[in-house]
Structures are given as C-alpha cells and as structure tokens.
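# Tertiary structure, described
What follows is each chain in one-letter form.
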Amino acid sequence: MKTFAAIAALVMVPALAHGANLEVRIEGLRETSGHLLLALTDSADAWDGKAESVARKRQPVAATSERIRFEGLEPGSYAISVFHDANDNGEMDKNIVGMPTEGYGFSQNPMVMRKATYEEARFELAAGGSEIVIDLR
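Residues numbered from 1 in each chain as written. Predicted model: local features only at pLDDT ≥ 70, side-chain atom pairs only at ≥ 80, totals over all residues. Heavy atoms only, no water.

## Brief notes about the pattern of salt bridges
- If you walk through the whole model with that rule in mind, you get 10 salt bridges.
- Arginine 69 serves as the salt-bridge partner of glutamate 23, at 3.0 Å between the closest nitrogen and oxygen. Residue glutamate 23 is located in strand S1 (residues 20-27), and its partner arginine 69 is located in strand S4 (residues 65-73); the two are separated by 46 residues in the primary sequence.
- Judged by relative accessible area, glutamate 23 falls into the buried class, the value being 16%.
- Take arginine 69: its relative accessible area is 36%, and that puts it in the partly exposed class.
- The partner of arginine 25 in a salt bridge is glutamate 27, and the shortest N-O contact between them spans 2.7 Å.
- By relative accessible area, which is 24% here, arginine 25 ends up partly exposed. (Salt bridge = Lys/Arg side-chain N within 4 Å of Asp/Glu carboxyl O. Helix = DSSP H or I, 4+ residues; strand = E, 2+ residues; numbered from the N terminus. Buried < 20%, exposed > 50% of the residue type's maximum accessible area, 1.4 Å probe, protein only.)

As structure tokens, then:
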C-alpha cells in the first residue's frame, strides 16, 4: 500500500507542475467577424491597467459561441474582460452618447452599466482547472 501511495504522489507532481487550465466559453456573439480580445488578470491593479495582465488572447470569431483556453495557470483568483472587436479596428466602438456598440463582457457576468470591478468579476481557478461562461452584452 505504501508503494502505491508513493507512485501516485510521483505521478501527481508533473500534473501540478504544469498548472491549471481555464476554459472560457463566450456566448452571445452577434456576428461572425473580427476578433475576441481577452485580458486575464489576477489583481485589482492589473484589472485597472496599473499592472500587467497574466495573459491576453486574440482569437478570430467564426461562430456565435467561441471557446478560448488559458493553460498552465497557478490556481487562485482571476478576472477576465472580453470585447468583440467586430470591425478589427482595435478599439471598443461607442455610439454618440458613449455606449459600446460592440459586444463586451466580464467573468461572473455582473449586471452593471459600467466596467465591472475586479471584485465583481473575480472567480477562483481550481488546481484541477475550471470552465467559465461569459455572456456578451
């Protein structure tokens, strides 16, 4: 029995060393053009642009629902912001009164009429990985 426990512990070490994977499903894309731009942050400072994001992704949009994967992350607290740059101009387009005209969203899908705070968007990434869904507005 002790041998089995020792072997099991050795097998688990490489899996933990590679970190956790995060699968993000983006729902509610209104059109199948442009790119999704995601920022994964692990602090309020990074969320507010005062520190570097953990990771950024840019993925072409081909369907009204897309999946993006972040690999090798440390388990812990994170938040994600995403916007659909439908016309690929690199900016969040807004109407004359300043309301976004391109889809955007945050982890935890907080119902706010402004950029969510880090605490509102924060989620926990488990050591075994996680999957989250972000509904675009």
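## Observations concerning the sheet that holds S1
- As summarised here, the arrangement of the 3 strands in space is S4-S1-S8, forming an open sheet in which the pairing is mixed. Strands at the two margins of the open sheet, each flanked by one partner only, are S4 and strand S8 (130-135). Averaged over all neighbouring strand pairs, the angle between strand axes comes to 20 degrees, with direction disregarded.
- The pairing of S1 with S8 spans 6 bridges and is classified as parallel. Of the residues in S8, the one forming a bridge with glutamate 27 is aspartate 135. (Pairing = 2+ DSSP bridges. Axes fitted to C-alpha atoms, helices over the stretch in contact; angles between N-to-C directions.)

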